[in-house]
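# Survey of secondary and tertiary structure
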Amino acid sequence: MKRLHYIAYLTCPAMTVLFSLLIGFATMYIQNTISPLFVFLSVQFYLNWYLVYSINKKVIIPFTQNCQEGCDTRFWYCGKCKHYARRPAQHCVLCSKCFYYRDHHCFFLGACILRQNMGNFVLICIYASLACVYSVFTTGPYLYDYFLHSDTSKLNIYYFALNFFFPITLAKFFLVGDESIHVFLVTLFNVSVSIACFTLVYGLWKLIACMSGRQRYYPDYVAKQQDIYEIFGSYGLLNFVFPFNGFLHSRNIDENTYVFTYI
């Protein structure tokens, strides 16, 4: 299991980058132009991804190298980090660090999601979903035109359903030599729909969980209702336009908790 986690840790971020590039190139190829809206969505996605990783690296747990047995009970020894950390904290094997207020390790981003970067993570999910939706609405009409010009006698809902379904398209490619670009676009269409649905639902669920007090972080696991400023920082919803949280100091996030950064 640990080996599988390590393989996922190495490969999933690369898969995320590869798929985002495929969506970008395919969209530009079909439209024959570069859409400002798609560029905006892509830039927001990558900026927030960078900030999730950056905040993850900057946040540290205060520790002491010289703490002996019987020292201040606010410290505990992490056998993996090989130092005393302020308790309680949770160690992430993949990040090789201890964290306060940790939610989970996101394999696709290659970083831990904390209370400090939860707002950026929510934005990543939303912008990833919107980019995939944009790709779906670009690829769908192109495939429709392909079917319309290839065989007009079979145009019905069942014909479209089967041809937009990846396994059927792949079988046709091997059996009757269907065009490879068609197989690629149908695959992209199916994956984009799946990612759009999953990331939008997961991102909105995390946002609603934070605002309703259902979101829990280690070590407290005590539900605490958060407002927009406690999720996205002092710039609030302006983070949807530009991710200020991470680039500029954001108040309201963990002001009264043990959050320490390198100076």
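Residues numbered from 1 in each chain as written. Predicted model: local features only at pLDDT ≥ 70, side-chain atom pairs only at ≥ 80, totals over all residues. Heavy atoms only, no water.

## Structural notes on the overall build of the protein
Convention followed: Helical segments are the DSSP runs of H or I of at least four residues, strand segments are the runs of E of at least two, and each set is numbered from the N terminus. Only heavy atoms enter the contact rule, under which two residues are in contact if any of them lie within 4.5 Å. A 1.4 Å probe and the Shrake-Rupley method give the accessible areas. Residues count as covered only by the protein chains that appear here.
In terms of regular secondary structure, the protein is built from 8 helices and 9 strands. Within the protein, residue pairs in contact and separated by at least 24 positions form 56% of the contacts whose partners lie at least 6 positions apart. Looking at the protein as shown, the accessible area adds up to about 14900 Å², and 66% of this sits on carbon and sulfur atoms.

## As for the layout of surface pockets
Applicable threshold: We place a 1 Å grid over just the protein atoms. Points where a 1.4 Å probe fits but has no way out form a cavity, open points with protein on both sides within 12 Å along at least 5 of 7 lines form a pocket, and any residue with an atom within 4 Å of a point lines it. Grid points are joined across faces, edges and corners, and a volume is the space filled by probe spheres set on the points. Note on residue classes: Ala, Val, Leu, Ile, Met, Phe, Trp, Tyr, Cys and Pro are nonpolar, Asp, Glu, Lys and Arg are charged, and everything else, Gly too, is polar.
Its volume calculated, the largest pocket comes out at about 840 Å³. Forming the walls of the largest pocket are 35 residues, and the residues nearest its centre are Thr16, Phe19, Phe45, Ala128 and Ile195. Every element with two or more residues in the lining of the largest pocket is listed here: helix H1 (2-31), helix H2 (36-58), strand E7 (102-106), helix H3 (118-150) and helix H6 (180-212). If you tally residues by element for the lining of the largest pocket, the top one is H1, at 11 residues. In the lining of the largest pocket, the residues fall into 28 nonpolar, 7 polar and no charged.

## Comments concerning the pairing of strand E8 (residues 111-114)
On a regular strand, each side chain points to the face opposite its neighbour's, so the side chains alternate between the two faces of the sheet. The cut-off we apply is this: For two strands to be treated as a pair, DSSP must find at least two bridges joining them.
When E7 meets E8, the two strands line up antiparallel, connected through 4 bridges. Bridging from a neighbouring strand, His104 pairs with Ile113 of E8. Hairpin connection between E7 and E8: a loop of 4 residues separates the two successive antiparallel strands, and Gly110 in this loop has a positive phi of roughly 75°.

## What to know about the nonpolar core
Worth spelling out the cut-off: Here the nonpolar core consists of buried residues drawn from Ala, Val, Leu, Ile, Met, Phe, Trp, Tyr and Cys, with membership extended through side-chain atoms lying within 4.5 Å. Partly exposed describes any residue whose relative accessible area lies between the buried limit of under 20% and the exposed limit of over 50%, with all areas from a 1.4 Å probe on protein chains only and scaled to the type maximum.
Leu109, Ile113, Met118, Phe121 and Phe232 are the most contacted members of the largest nonpolar core, which has 38 residues in total. With 12 residues, the single largest contributor to this core is H3.

## Side note on the packing of aromatic side chains
Cut-off, in case you're wondering: Classification of ring pairs uses Phe, Tyr and Trp, with its six-membered ring standing for Trp, and accepts pairs whose centres are within 6.5 Å; under 30 degrees between planes counts as stacked, over 60 as edge-to-face, and the remaining range as tilted.
Using the criterion set out here, one finds 14 aromatic pairs in the structure. When the centroid spacing of 5.4 Å and the interplanar angle of 40° are considered together, the rings of Phe38 and Tyr134 count as tilted. Here the residue Phe38 occupies a position in helix H2, and Tyr134 occupies one in helix H3, the gap between them amounting to 96 residues. With centroids separated by 6.2 Å and ring planes inclined at 40°, the aromatic side chains of Tyr100 and Tyr101 adopt a geometry described as tilted.

## Some points on the environment of His104
By the secondary structure assignment, His104 is in strand E7. Residues within four places of His104 in sequence aside, it is in contact with Ala111, Cys112, Ile113, Phe121 and Tyr202.

## So, the pattern of salt bridges
Note the following rule: Think of a salt bridge as a Lys or Arg side-chain nitrogen and an Asp or Glu carboxyl oxygen that are within 4 Å of each other.
On inspection of all chains with the given rule, the structure shows 2 salt bridges. The residue Asp103 makes a salt bridge to Lys206 at a minimum N-O spacing of 2.8 Å. Here Asp103, found in strand E7, pairs with Lys206, found in helix H6; they are 103 residues apart in sequence, far enough to count as distant.

## Focus: the confidence of the model for the protein
Going by this rule: A residue's pLDDT is the predictor's confidence in that residue, given on a scale from 0 to 100.
On average, residues of the protein carry a pLDDT of 80, and 73% of them reach 70 or more. For the stretch residues 255-263, pLDDT sits under 50, and the model shows 16 contacts to residues farther than four places along the chain or on other chains.

## Describing the environment of Ile208
Here Ile208 is to be found in helix H6. Residue classification places Ile208 among the exposed positions, given a relative accessible area of 52%. In this structure, the C-alpha to C-alpha distance between Ile208 and Gln226, residues 18 residues apart in sequence, is 9.6 Å.

## Quick look at unusual backbone geometry
At Ser96, a residue that is not glycine, the phi angle is positive and equals roughly 55°. Inspection of the secondary structure puts Ser96 in the loop between strand E5 (90-92) and strand E6 (97-99). The phi torsion at Tyr101 lies on the positive side, around 50°, for a residue other than glycine. Among the secondary structure elements, Tyr101 is positioned in the loop between E6 and E7.

## Quick look at the environment of Leu37
Along the chain, Leu37 turns up in helix H2. In the structure, Leu37 is positioned 97 residues away from Tyr134 in sequence and 9.0 Å away in space, judged by C-alpha atoms.

## So, H2
To keep it simple, the criterion reads: By this rule, a helix spans an expected 1.5 Å times one less than how many residues it contains.
In a regular helix each residue adds 1.5 Å, so 23 residues correspond to 33 Å; H2 covers 32 Å between its end C-alpha atoms and thus fits that length. Looking at H2, one finds that the buried residues are Phe38, Leu41, Gln44, Phe45, Asn48, Trp49, Leu51, Val52, Ser54, Ile55 and Asn56.

## Description of the state of the cysteines
Spelled out, the test is: Whenever a pair of cysteine sulfur atoms sits within 2.5 Å, that pair is classed as a disulfide.
Across all of its chains, the model carries 0 disulfides by this definition. Note on Cys132: no disulfide assigned, nearest cysteine sulfur contributed by Cys197 at a separation of 9.5 Å.

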